[in-house]
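This is what each chain is made of:
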Number of protein chains: 2
Amino acid sequence: MNVLIVYAHPEPKSMNAALFQTAIQALTAAGHQVKTSNLYGMQFNPVSDRYNFTSVHNAAFFKQQLEETHATAVNGFAPHIDTEQEKVEWCDLMIWQFPLWWFSLPGILKGWVDRVFAMGRTYRHGHIYETGVFRGKKALLSLTTGGPESNYVKGGFNGDLSGILRPIHRGILEFTGFTVLAPQVVYGPARLSDEERANELAVWTTRLQGIFEEAPFTVGAY
Amino acid sequence: MNVLIVYAHPEPKSMNAALFQTAIQALTAAGHQVKTSNLYGMQFNPVSDRYNFTSVHNAAFFKQQLEETHATAVNGFAPHIDTEQEKVEWCDLMIWQFPLWWFSLPGILKGWVDRVFAMGRTYRHGHIYETGVFRGKKALLSLTTGGPESNYVKGGFNGDLSGILRPIHRGILEFTGFTVLAPQVVYGPARLSDEERANELAVWTTRLQGIFEEAPFTVGAY
């Protein structure tokens, strides 16, 4: 199967980097094709604007969704955006590897979504949620947190992680038709011992070996 | 009172731009001091990395929170980040004016949070939520949506807007001690008539005239 891993962390020696490299190795060893988008490594610019496009629908007023719909019709996406869109279209499974910053995606990954998930090409009237463009594809958030697991449960310090991730699971992934798999979470890697970190990587490897047999995660609508 | 407006939209003739300009005028006319951060206008770079800092805590391993804590101690924030932090520290009310993209903030605004809301300076152990660094300050999200209001209610096409905004309200604003005011929402401005858009601006002006007398919005923990 085809797997795209989108990776967003500034430190090559971080736990996120180790999880990213582990996933590439485990999936390749299991016979899958892997493509990657290392957003910090690519120096990806996450500011969505006219330079998403080579085409122009309306030079006097920039309405992003109309420019996206036009670019879809005339092949008018900037080459580096088109390349990212082709990777998403190519994959059977998309994994995002990132640290949870402010209950959400790092800005570089959020802006990748803003620019790549274009109206027309990745969603359009009548092709959203259950009839989404990417139906049949799976998606999985692999993330690290700052605090321990007990901070991310209902009534805990920060609250239920499923609720925190719902805008991403529901508003981006299910919105465009992806079937969501359970998130892979390493809680507070900075506080783990080397042995505990190695164990987390082993758990991730084992999970990825059978990833295409997993049942979907229940996100739940708002 | 002192008001900071952070504005994130690429089109100067957009409804977001009109709401931004309207707020500046209404608040100034009411006798308040207003500072702004026009993120697209400033060409703000939303990628959080070492260049947030002039100081270096650990040159061999970039752990952002430790660099932030160190920079707080030694005045080591990059000048343009320090300027943004000073604006937040200066204000009594912070307004964010943005379009809701993918159930969340545009990447340029999310990255502004990633870079500006630094550990040590804007939150630290024992100074989070009810004891947050910014307690006594108020914050308000002013946003536009793509779809009509009926899409953003419980059981609607996208679901309850309060739930969609909770990671921002709870995980950024209340986390750092802000008292949250009710969001100001213009639903589907692209589908409104000129008269309806003018009415939305008038409603916003009227609200801002009494903004410091408003009771808090109930966000609710997860």
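So, here's what we can say about the structure. (Residues numbered from 1 in each chain as written. Chains lettered and ligands numbered in written order. Predicted model: local features only at pLDDT ≥ 70, side-chain atom pairs only at ≥ 80, totals over all residues. Heavy atoms only, no water.)

### Some thoughts on the pattern of salt bridges
- Considering all chains together, one arrives at 18 salt bridges over all chains under this definition.
- The shortest N-O distance in the salt bridge between Asp82(B) and Arg121(B) comes to 2.7 Å. On the criterion of sequence distance, the pair formed by Asp82(B) in helix 3 (residues 79-90) and Arg121(B) in the loop between helix 4 (107-116) and strand 4 (138-145) is long-range, its members being 39 residues apart. This pair shows no difference in class: Asp82(B) is buried, exactly as Arg121(B) is.
- Two residues, Arg121(B) and Glu89(B), come together in a salt bridge whose shortest N-O distance is 2.7 Å. One end of the pair, Arg121(B), is in the loop between helix 4 and strand 4; the other, Glu89(B), is in helix 3, and 32 residues separate them in sequence.
- Within this structure, Asp82(A), Glu89(A) and Arg121(A) form a network of salt bridges that share partners. (Salt bridge = Lys/Arg side-chain N within 4 Å of Asp/Glu carboxyl O. Helix = DSSP H or I, 4+ residues; strand = E, 2+ residues; numbered from the N terminus. Buried < 20%, exposed > 50% of the residue type's maximum accessible area, 1.4 Å probe, protein only.)

### Remarks on the environment of Leu201(B)
Residue and element names in this part refer to chain B.
- For Leu-201, the position within the fold is in helix 6 (residues 194-209).
- Between the alpha carbons of Leu-201 and Ser-55 there is a distance of 44 Å; along the sequence they are 146 residues apart.
- Those residues in contact with Leu-201 that sit more than four places away from it in its chain are Met-15, Ala-18, Leu-19 and Thr-22. (Contact = heavy atoms within 4.5 Å.)

### Remarks on the packing of aromatic side chains
- Counted by the stated rule, this structure contains 28 aromatic pairs over all chains.
- Relative to Phe117(B), the ring of Trp102(A) has its centre 5.8 Å away and its plane inclined at 90°; by these criteria the two rings are edge-to-face. In this pair, Trp102(A) sits in the loop between strand 3 (93-99) and helix 4 (107-116) while Phe117(B) sits in the loop between helix 4 and strand 4, so the two residues belong to two different chains. We note that Trp102(A), like Phe117(B), is buried.
- Ring plane angle 70° and centroid distance 5.2 Å describe the contact between Tyr129(A) and Phe157(B), whose orientation is recorded as edge-to-face. Taken together, the residues span two chains, with Tyr129(A) in the loop between helix 4 and strand 4 (138-145) and Phe157(B) in the loop between strand 4 and helix 5 (161-174).
- For Tyr129(A), a relative accessible area of 5% translates into the label buried. (Phe/Tyr/Trp six-rings, centres within 6.5 Å; stacked < 30°, edge-to-face > 60°.)

### Some details on the pairing of strand 2 (residues 33-38) of chain B
All names here are of chain B.
- The sheet contact formed by strand 1 (residues 2-7) and strand 2 spans six bridges and is parallel. Counted as the bridge partner of Leu-4 is Lys-35 from strand 2.
- A crossover connection joins strand 1 to the parallel strand 2 through helix 1 (residues 15-29); in handedness this β-α-β unit is right-handed. (Pairing = 2+ DSSP bridges. Right-handed = clockwise from strand over helix to strand, strands pointing away.)

### A look at the interface of chain B and chain A
- With 46 residues of chain B in contact, the opposing surface of chain A contributes 46 residues.
- For the pair chain B and chain A, the interface holds 14 residue pairs in polar contact (both at pLDDT 80 or more).
- Breaking the side of chain B that touches chain A down by element, the ones donating at least two residues are helix 4 and helix 5 of chain B.
- Looking at the side of chain B that touches chain A element by element, the count peaks at six residues for helix 4 of chain B. (Polar contact = N/O pair within 3.5 Å; in protein donor to acceptor, adjacent residues only side chain to side chain.)

### A closer look at the nonpolar core
- In terms of nonpolar packing, the biggest core is built from 102 residues, with Trp96(A), Trp112(A), Phe117(A), Trp96(B), Trp112(B) and Phe117(B) touching the most fellow members.
- Ignoring anything within four residues of it in the chain, the contact list for Trp96(B) reads Val6(B), Leu105(B), Leu109(B), Trp112(B), Val113(B), Phe117(B), Leu140(B), Leu141(B), Ser142(B), Ile168(B), Ile172(B) and Leu173(B). (Core = buried A, V, L, I, M, F, W, Y, C linked by side-chain atoms within 4.5 Å.)

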